[in-house]
Every structure is written in C-alpha cells, then in structure tokens.
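# Fold and contact review
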Amino acid sequence: MTGPDGQGRAAETPALSVQVARLGEPADLTNCDREPIHIPGSVQPHGVLLVLRGNVATQVSGNTETHFGLGVPEVLSGGLGALLDGETLARVQGALATESLNDNPLYLLTTPVRGRGLFDLIAHRRGQQVILEFEAARPGRPPVDSYSQVKRSVARLNATVDLTEFAAATAEEVRRLTGFDRVMVYQFAEDGTGTVIAEDLRGDLTPYLGLRYPASDIPQQARALYVQNMLRIIADVTYEPVPMFARQGEGVPDEVAAPLDMSYCVLRSVSPIHLQYLKNMGVNASMSVSLVRGGALWGLIACHHTEPRHLPYDVRSACELLGQVASVQISARQEQRDQSYQLQLKTAQTQLVERMAEENDLLEALVGSGMNLLHFIDTPGAAVCLDGEVVLLGATPSRAQVTALTGWLDTQADVDILHTQTLGELHGPAQEYAGRASGLLAVKLSHSRHDYVMWFRPEELQTVTWGGDPNKPVEVSEDGTDRLTPRQSFAAWQETVRGRSAAWQTEELLAARALRRAIMAVVLRRVEELGQLNDHLERSNADLERSNADLDAFAYIASHDLKEPLRGLHNYSVYLLEVYEQQLDEDGAAKLRTLVRLTQRMDDLIDSLLLYSRVGRVDLSFQPTDLNNLMADVLEVIAPRLEQLNVQVQVQPDLPVLTIDRVRVGEVLSNLITNAMKYNDKAQPQVQVGAILPDGRAAHPDLRVPDGVPAYACVLFVRDNGIGIREKHFENIFRIFKRLHARDQFGGGTGAGLTIVRKLVERHGGQIWVSSEYGQGSVFYFTLEA
Amino acid sequence: MSPRPVLVVEDSDEDYQATLWAMQKLERTDLLERCTDGDDALDRLSDRAQSWPKLVLLDLNMPGTDGREVLAFIRSTPYLRSLPVVILSTSASERDVNDCYQLGANAYLIKPVNFAQYTEQLRITLDFWLGLAQLPESAEGP
C-alpha cells in the first residue's frame, strides 16, 4: 500500500484478479456532492471484506495477506473454505443459507482465521452477493451485554423532560457505552446546516456545544447513505485505503468486477475529504449514528476520539439500537415541541383576538403591554403599521426603514402573507439592517392602505457560533496544487448565507394567516360599525338640515302668515274699542281690552321665537373686544329703563379683552342685566357685573365651575339682589318659554330670553350657569371660551 | 287730469281696512287706490292711460306675483323707474330687507301688530313722502 490511489498495488495484482477501479475523478469540494462514496472501491484496513456469489469468491480486499497470511488470488480461488476450518465453515454456510441477511448486516460469530487471531464475522446480502466482513477482534475482551446496556440507557432517556435534556442524556449514554473522547448530538436544519445541541466530552477538550456547521460538511449522498445505514465508523483517519480486487477469467460475468455497493459495509472506505475534515479537527477516530425522523436525516450522534479507536461489533450494535430508540423518541419529542409551539401560537392568537374584541384600539390590542406580537411568533422584533401609525416592538429596523418597507411591500404581488429569509436580496435598502431583519414575515391588513403586521428575524450568521476557523488559509496538498479543505468551505459558505435568516416554519405562516383573519374580522366589524355610525350621522345630518329648513320656513310663516291674521284681530279689537266702547258695558269693553293685550302678547312670543331660531344660525363675527367698552354701550342703551326702575349697576372697572362677537355678547349682557332688574322686589335693585380671571378663581371659593370649562377661561358674572331662583329651577330657566312666574309678573317676559342667552354663550364655546339663594338674589356666570 | 293717488298694493283686506282706519284717525284725505295682488298692480301700472301714483305702498308677500316682482318690474320699466316705492311687510327678515333695497325700494317698513304703532308709522311715512319730500313728476311730464 504505497499511495492513496492504491497504484502501488498494481504490480502485485495477481493474474486472476483486477483491481476494482474507483469511479470518477478525485473528489474536492466542488464535486464532493457527486462523489460516489457508496462504491469507494476500497475498505478500511482493520478488516477484510470478502464477496461471495454462491460459494464462489468474486471480490476481496487487498489486505488478506496482512490479516490472514494468504494472498488475494488464493482467497479468490479458494473462497470461504480457504479461510475457515470445517466446523466454523459449516456454521457460517448454514447461517448464510438460513438467516435473513438482506441489507441487514448480521453478526455471525467470532472466530480465529487461519490461526491468525480472532475476527468478528459480519455478513449481509446485496442482490446475488453475500458480503462478509472480517473485523479483527481484541482477544480476551468480555462480550458486552447490549440488551442491559441499552435498557439502562433507554430508561435514562425516558426520564428526560424535553428534547434538550433528552439529547444531553443521549450524548452521555453513548459516551458511557463507547468511551469516545467526545460525543455530540447534531441537529440538522431545513437548510442542511447542523447544530450541536448536546455534548458529552473529556474534561480537557474544548466544548463544541452550540456550534453550527455548514450543510456542505455532510454532502447530500452521505446524508442519503446515513438514512440507509445507521452507523459508520472510522477506526483511524490516517489509514491507507485497501483496494478491492475482483475475480477475472473465463466464465466470470463482467459485473463481478464492477465496484461493490458498500452502502451497508462497516469497513467501507470513507471520502478523503471527510478524513481531511476530521484531521483538521484533530480527530483520529470517529463514529456516527444516524438519527432519522420520518425517513429523513434529523441529526447525528457523532463520536470523536483523539486516538485511533476501533469499536467492537457488540458495542456498535448497542449504539445502533440506542440510535434507533433515540430516533423514535426524538420524533416524539420534536412532535411534542412542535405541538407546544403550535399551542403557544394558538394560545397567543386566542389571547390577541380576545384583546382585540375588548380593546377599542386595535393597535393597542396588538402591541400593548403583556401579551403582544412578540409573544406570538418567536422572533426578536415585530412592527405594526396601522392607519398611518408605526409601532415597533423589540429588535427592528428604524421607523423610517419600516415605513419605507411598507412602501416596498405595497408594490409586491397582492398576497396576504409575504415571507422571506433574504429580505436584502429583494429590497436593497434592507441590506443595511440585515442584522435585524434578514427575515421578514409580513401580513397585509388592507389592500388600499399601508397596513401591515411584520415580524423580523436577524441574519443568522450573527446568532450562531460557527464551527472551525473560517479564516484558515487554503492548504496546499503534497503535489503542490491548491485543494479546498473542508474548513475552507466556511468562507464560501458564509458568503452564501450572509443576509439570510432562519426559515419561517409552516406553523408560523399558518398562525400569521390565522391572526390576519382575526384582525380582518375585527377590522371589518369596525368598518361596519363605523359605516352604520356614518349612515346614522348622515341621516342625522339630513334630518338636521331638514329641521333647519323647516325652522326657516316656520320662522317665515310665523313672521308673516301668523302675524297678518294677528294684526287683523288686533286691529279690529282696537277699532271696536275705539268706536263702540261707549256702547258696550264694562265687561264687554274689558274683554276687548284683553283681546288686544293677548294679540300683543302673541306678537311678542312670535318675535322671541324668531329671534331664537336665528341665534343658532347667524354667523358670528369674532373680534378682540374690550368688555369695559361694551358694557358702557349696553348700559347706555338700557339706561332709560334702569333709571325708571331705580336700578344701580356696578361694573367692575377692569374687565378683560376677549375675542367675541360684540353685538351678540352685548345682547347677552343686556338680557342678563334686564332680567336682574326685572326679577327684583327690592326697593333698591342692585346689579353687579364683573369678571373672574383664571388665576383669580381661588379668591371665589363659592364658584362652582361646571365640567368642561377650561382652567384658562375667564368667568364673567351678573349678580343681582333680586328674588332668587329655587335650585330645582336652575336648569328650567334656560328652557325656551319655560317661565317661573305668572305672565304679567315682573314685566311679563316671553320666557325666551335666557334660552337665547345660553345659545349665544354656547356659540362662543362657553357655558352659562346660575347660582342663587332664593329670596336673596342670583348670580349668572358665563364663559365665552371653550 | 285726475289727482294722483297713493297706490296701496295689499292682498289682505284686514290690513287695507286698518290702513283706511289709520288714515281716518290721522284725518288724512289723500286719494288711496288699492290693488289686491301683484298682477293687479302690474296691470294698473302698465296702463299709461291711468295716472302716475304719487307713492306706492307695496306689500311684499302676496299670493301669485309678489311684491318683489312688482318692485323689479317698476325699476326695470323706464316709464315707472322713478316712482317712489315704500315696502310694507310683515317680514323682518334681513334677506327680505336687503333684497328689496337691492331691487331699488325707497324704504322698507315692518308692519307692526300694534295698531297705534301702525298708525304712527303711517303718519310719519305719509308726512314725509307726501309732505316733505319733493316727488318726481310723471315720466311723461306734468
């Protein structure tokens, strides 16, 4: 064995045999996915591989001399009989004839071969061929009780509560069984990358727990092989592959010399790339047990040893059994984990929907304290864009970036749910924030506006620690040509995964879709409610316009059509009184006079009503107005009546300047002052007019300002020493035509005055209220500022 | 040529009656001529055979052709344009007041319900227009 390609062997090739060629070119990282590793044409040197067709030996590994002291041609010509003595031969032949060996390597026995020490004999059938593997066994080693070993391990695994703990226990149990320096449990992601999720190791070694490996570390065809054959072993990574030799000659079919499919062979020689990989890691022996879930490779139990290490068949089979148990368990645990995540998604969804139902504000329901979008789908960042508002939760791009993102989303195909692992490739500006949002899951809430719920996942490179040193330089091979080594794959691989996030799971997409439906339902209901409210408002507005028009028409009719007959009644009564009073008795004349008075009263009522109907609709002209000035004008107008009734009016000298409609506020003041003097039974009626400035309210402890009057409003007042108002009438007095007194008492008002005053105050955005002590006097307070 | 009348355009008999009473009370003997509606007024004013009124007291709201149309007709007819027209209306509506001045009314008075007030209002009006004011001659001259 002189060279890796076994060319040194060519000279020794016996006439009877030809070396089985390896197919294809030497593998490197550019083609290792195509490397035909199941037909390597060579085996590891710690055993001999013999292929039988019936009783004829068709192929054998080139190390028979080393192990058995017998040359390849002798083995090929002599077959099994050349190696085993009579009794053993009979037992083996019996087993080969009766046991089910198809694709299922079976340990047959441990036996000395030609007096050369003990070999474990393992056999399996591949089509018409029986493949026998002779593995050198260590003499004197007590056999391992696989059953009790595995039973104990399984009991231990069953006691674990979750996947993480389960994986850790698996690593520990396998290390206990095998004695490897390091036992790791890998889990593969959908993209093929592997992460060390559990590890048990010799104390002085560097832990790899949490490390992540590129998918290229285990090529596709290797993965396929791992599903077929649960266990692989490399006893010594520095081994020289031993080539296979095939029988040649008359009557031997060509396919006999075809490379052997070693998918199930434990001695199968492994890819030089894999060996290089292990060497780079300082590993000299390795074993891996497949963890298969639903026919796919879920992960590996990977064992490393610093020194060469050959694991006997019984220990390997215990590991294999453990691997199968673990595979089943992992499926269950994974299912449990998936279910619990689904349950979390479901629970979160239910809670969110409940909150949306309770909370008036949809945005608040989605992002508010406690349960929110971040508890929903497992991401570090989320955002909601709703009605022009942008709310960010956790690690997200900036507000401006999210807003720009919604603009980009709007231009995307009209789908309800959009998700990507590589946002930067689709939306250039996102490259700037790849560290926060390489992954985007966006839920469109409306088709017309930029309303979205979004979740962000960071670039994965930043979330994991990578195995190996990505910066290790290219190794130069012995023949001087550059050759990629496995670790070099990192640099290239890192580039391919840059700007890429972890994948969105199907459950997450389904949950997002469900949430969208729930939000849409709430939104639709709101829209419907809003629509109803709108309809209602429109109807109310239309009603209001109609009533205004009616009021206009009524006012006009009142002013004309009512007044005309009224004038007729009045005029005839007056005429009758003037012309016929002498001919009537006093009773008749009195009745006529009453008729005249009634017509005048009705005229007053109609005028008040007209005035009132106009107050709400006239346009006010707001100007900064000096109230001192205005008061002087008001007093001048009503001066004759004040004099007549001997009323004293005191006006506070420093009234403020307010922005008001001068004429209307003049009406208010005039009306209030007139009332104050009218409803007065004192010999000396007194009226005070003043203002309480915002900072002066404290000086008026009796002032009870109603709700809605702002702190900055100036409170004006008109105080009298009149008859006062009972508290129960405080509100009544402002109602139109609601009078507290007989018609002709206190000058006989129509009862519209205060109603008009209140309306004028309200048109100024203010309020009016009264405070009074019955019999002592009243104070009318009002503000003119909202 | 017959004496020129004061033309009262008034659909309400009661109001016209009140005007007559008020005139009587005021002891005025001016010649009153009445049209009971707008159409009647248009006919009367268009008839050049009839004398040109000294003054028109025009009620605004009448069935059919109302006072606004009569006023507009007077102001748009060269023969009648300079005729003094005083609007007498029940309506205190600002819009009505403005409209009438826009159309060229010489004055706008609101008819009060109170008879005494009306009498006083009529006295002042007639004193002014028939006593104080210098009135135009007929468009076709005396």
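You'll find chain B entered in an unreviewed UniProt entry as Response regulator, with Deinococcus aquaticus given as the organism.

As annotated in an unreviewed UniProt entry, chain A is histidine kinase from Deinococcus aquaticus. Among the UniProt annotations of chain A, the heading Sequence similarities (unreviewed entry) holds the following wording: "In the N-terminal section; belongs to the phytochrome family." One UniProt comment on chain A, placed under Catalytic activity (unreviewed entry), says "ATP + protein L-histidine = ADP + protein N-phospho-L-histidine."

### A few points about the overall build of chain B
Across its full length, chain B carries five helices and five strands. Mapped from its N terminus to its C terminus, chain B presents α and β elements in the order β-α-β-α-β-α-β-α-β-α. A buried classification covers 51% of the 142 residues belonging to chain B. In chain B, the share of contacts with a sequence separation of at least 24, taken over all contacts with a separation of at least 6, comes to 67%. Looking at chain B as shown, the accessible area adds up to about 6600 Å², and 50% of this sits on carbon and sulfur atoms.

### Some words on the environment of Leu106(A)
All names here are of chain A. Relative to the assigned elements, Leu 106 resides in strand S5 (residues 106-112). Here Leu 106 falls in the partly exposed class, since its relative accessible area comes to 25%. Sequence-wise, Leu 106 and Arg 125 are 19 residues apart; in three dimensions their C-alpha atoms are separated by 9.7 Å. When residues no more than four places from it in sequence are discounted, the contact partners of Leu 106 are Glu 99, Leu 101, Leu 121, Ile 122, Ala 123 and Tyr 313.

### Some thoughts on the interface of chain B and chain A
Each side of the interface is counted separately: chain B has 21 residues, and chain A has 18 residues. Among the residues chain B hides against chain A, the three largest losses belong to Trp21(B), Thr90(B) and Val113(B). Together they make up 40% of the total. Inspection of the chain B/chain A interface yields two salt bridges. With a shortest N-O distance of 2.8 Å, Lys25(B) and Glu578(A) are connected by a salt bridge. Inspection of the region where chain B meets chain A yields five residue pairs in polar contact (both at pLDDT 80 or more). Elements with a minimum of two residues in the side of chain B that touches chain A: helix H1 (13-25) and helix H4 (94-103) of chain B.

### Overview of helix H4 (residues 146-158) of chain A
Residues and elements named next belong to chain A. Helix length check: H4 (13 residues) gives 18 Å between terminal C-alpha atoms against 18 Å at 1.5 Å per residue, within 8%. Considered for burial, the residues of H4 that qualify are Ser 146, Val 150, Ser 153, Val 154 and Leu 157. Buried residues in H4, looked at end-on, bunch into an arc of 100 degrees, giving them a common side. For H4, the elements touching its buried residues are helix H5 (163-178) and helix H8 (313-358).

Thresholds, definitions, all that
- Residues numbered from 1 in each chain as written.
- Chains lettered and ligands numbered in written order.
- Predicted model: local features only at pLDDT ≥ 70, side-chain atom pairs only at ≥ 80, totals over all residues.
- Heavy atoms only, no water.
- UniProt positions renumbered as here; feature names shortened; annotations may be inferred.
- Helix = DSSP H or I, 4+ residues; strand = E, 2+ residues; numbered from the N terminus.
- Buried < 20%, exposed > 50% of the residue type's maximum accessible area, 1.4 Å probe, protein only.
- Contact = heavy atoms within 4.5 Å.
- Areas by Shrake-Rupley, 256 points an atom, 1.4 Å probe, with all protein chains shown as cover.
- Buried area = accessible area lost by both parts, 1.4 Å probe.
- Salt bridge = Lys/Arg side-chain N within 4 Å of Asp/Glu carboxyl O.
- Polar contact = N/O pair within 3.5 Å; in protein donor to acceptor, adjacent residues only side chain to side chain.
- Expected span 1.5 Å × (residues − 1).
- Arc of directions from axis to C-beta.

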